[in-house]
Structure formats: C-alpha cells, structure tokens
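Survey of secondary and tertiary structure
What follows is the residue order along each chain.
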Amino acid sequence: MRCFGLIALLLLLVAACKTQQPESRLASSGIEFASLLEMQDTEHGTLCRIINPWDTSRVLMQYLLVAAGDSEFTETDAAALAAQYGTFQTIRTPLTRNTLCASCHCYLLQELDALDRIAVICDADYTQLSSIRERLASGTYLDAGTAIAPNIEIILSGRSDAIWISPFENAGLGQLTRLRIPVVFCADYMENTPLARAEWMKFYGRLTGRAAEADSLFEVVKTNYQELVRRTESDTAQKPVLLVDLPTSATWYVPGGRSTMGRLYQDAGFCYPWAADRHAGSLSLSPEIVLDDGWDADVWLFKYYNTEHDWEVADLKALSPAFGSLKVVREGKLWGCNTATSPYFDETPFRPDLLLASLRQIAAPGDSLACDTGLRYFKPL
C-alpha cells in the first residue's frame, strides 16, 4: 500500500534529529567554501559533519564513512570516536543503490560517472536529463513519485542503501524511520554562495566512491568561476540594471542580496537592485515595489514553465498590462529560461560556472571566455 509520508517525507528534520552542540569544529579536510559541511579524515574513515542551517552553533547530523570492506572497525572504535566528536551514523561506502529526491544530485552523479549508483528517483518528471529519462523508461531506475509523498514500497523494492533528502526546519522524519536505511541530509541548498553549494560534491563523491572525480570536478568549477569573476571585476563598462523573475499572484519573489542567485547576478556584472539586502533567501515583495525598483532596468531575466512552446514577448505581456510600459520590454532586452525544456535546475546547483558564463554573456556580450560556453539556459524573447 502507498504510505503517506517520507516527508511527510521531503520534510524532514530538525525536530526529529535532536541536533547536538559540537565542542569544536572539525579540521575540515579540503573544504574551502562550504559553511554547513565539515569533513575530517580519521584512522577509521572520513567524518562528515552537517551543520544545522537554522542554528549554526549546532550539528544537524554526523556521518562516519567507512570502507565497505573494512572489517577492523569495531564497536569499541565507534565508541571512542563518538566520545571525541559526538554521536554519528556509520555509513559503509560506496553507497551503490541510492534514492535521490532532487534532479541536481542525479546530474552530479552523472558528471562523476556514477549513474550506476542510482536505484530510485523522486520527482522524475522534472528532470531534463536524457540519461535519467532513458533509465527510467527501461526500468533501470524506479520512479517513487513525488518527493512530497513518495512511494515507500518502491523505495524498499529498489533495495536502496540510502535516501538523499533536503532538510527543512521543524519537520520530522515521518515514515522514513520505517525504512531502516541511512538518510543523507542534503543541506547544500542552504549555502549562500555558489561555490559553497557546489563544494558539497566532495561529500557526495565520497559517499558514492567517486572522491577523486568530485575533487577534480570542483577544481574545474572553482577555476572557471573565479576567472569569470576576475573578468567582471576588471570590466570598466557600465553595469546593466537587472530585473529578475516573475510575480506569483500578488507576490514577487526575488533573491536576497546575500543569496546564491543574488551573488551570481552580481558576479556576472549586473547592477542588481537588491544587492545591498542582507537576506540569504528570497524576498517576498509586492509587484508594485519590484516594478518601481526595476522601472529603468536594462535586462530582464526570468524562468517559466511551458511544455507547448518557448515564450514570445506577447506571452510575457499577457501576464500584466503594466509590463508593456517598462523600458526593458519596449527595448526587447528580455531573456527567458523555459524550465520545461532547459536543464537549468538539473545542472546549475553544482555547475554555477556554467550559469555564470551564461549570465556573463548577457551582461557583457563581448566577453570571449563567457562566449565559449554560449547561452546555455536563457534565450532572448
């Protein structure tokens, strides 16, 4: 029968996890940017600590990654490590049959040559990755339905070693406790810089036996990203004012100035109206406020979902009669990303360098490095 939760499910955690307070930070091995992830090599394996995003003085979860073939790790060893570092869950690696609840983690495992490490997928309808769709169609991967209410029987039938889910504040584990398999808390989405989130690939690489590949990929991402930022900083041209996203009913959500996307827009060389804002999440604004701030915008970037066709200017104007009077609409500086066909949500969390190159080409069309990547996600209307 179909169970109501696993999030009952996507929503997992802080209350259920009884977070603990660490005595000290781990001597993070190779972590440069992530603020919510710490890793430290021990004689028995790699200790990975997930910091509580809602109370960074506390630990959300700790894992000790121990090689599957290591028969010398004993309960006595575990007790000694727990006395030193706090309680942890032991995970034997590599995890070979994972249930993934986010398409960005599917993409990452594809890039790490670890597609064979996936067994079950939630929210499969939203991925634009042909490699994932083909394996779902052939039955290689099982579809557990939505991440909000996944089918637990399918997860169990997939013989999953672990389930990867995104933690949400004050939510419980629900039916997950019945699965008796490790829950990997993927708090990468709570990081507030692009490279910080991307660096979580080092953790996921170690879980799946792809540590070297993950470390190598991150070096590529970091090098590309930082080079594009240097070009932005040396660019003396006037920065185009940016209007972003679209209203939802009476609310217009825009990224805060200290959010991942807010930083990306600034790193690309845009004049972002909310750059001075200190929020790391989204701002809930009225359309009137956003339009007032973006009245003289030079570029408008937005995402939309349409399975029938890519939007034209008429589709945008149909949303509101006020849009037609905006300078950016009159001048046709409109760039849309149709997430029904674009791999935007699959790729960009762990490849912010690709997104930055795309944004940089819009902000500074003459940047040759950005042009090498092309307009990967946004298309002119």
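Look above for the structure.
Anyway, here's the lowdown on the structure attached to this text.

Procedures and definitions
Residues numbered from 1 in each chain as written. Predicted model: local features only at pLDDT ≥ 70, side-chain atom pairs only at ≥ 80, totals over all residues. Heavy atoms only, no water. Helix = DSSP H or I, 4+ residues; strand = E, 2+ residues; numbered from the N terminus. Buried < 20%, exposed > 50% of the residue type's maximum accessible area, 1.4 Å probe, protein only. Lys, Arg positive; Asp, Glu negative; His and termini not counted. Salt bridge = Lys/Arg side-chain N within 4 Å of Asp/Glu carboxyl O. Contact = heavy atoms within 4.5 Å. Pairing = 2+ DSSP bridges. Right-handed = clockwise from strand over helix to strand, strands pointing away.

Examining the side chain of Arg 210
- Tracing the backbone shows Arg 210 in the loop between helix H7 (201-207) and helix H8 (211-234).
- This buried residue, Arg 210, is left without a salt bridge; Asp 116 holds the nearest opposite charge, at 4.1 Å.
- Residue contacts for Arg 210: discarding those within four places in its chain leaves Leu 112, Asp 113, Ala 114, Asp 116, Arg 117 and Gly 205.

What about the pairing of strand E3 (residues 59-67)?
- With eight of nine residues buried, E3 lies mostly within the body of the structure.
- With six bridges connecting them, strand E2 (residues 45-51) and E3 associate as antiparallel partners. Of the residues in E3, the one forming a bridge with Thr 46 is Leu 65.
- Inspection of the sheet shows E3 paired to strand E4 (residues 89-93) by five bridges, in the parallel sense. Among the inter-strand pairings, Leu 65 is bridged to a residue of E4, identified as Ile 91.
- Chirality of the crossover, the property in question, places the unit of E3, helix H2 (residues 75-85) and E4 among those that are right-handed.

A word on the sheet that holds strand E16 (residues 379-380)
- One open sheet holds the four strands; their spatial order is E10-E14-E15-E16, and the pairing between them is mixed. Every other strand in the sheet has two partners, leaving strand E10 (242-244) and E16 as the edge strands with one partner each.
- Pairing geometry for strand E15 (residues 334-338) and E16, over two bridges, is antiparallel. From the neighbouring strand, Gly 336 faces E16, where its bridge partner is Lys 379.

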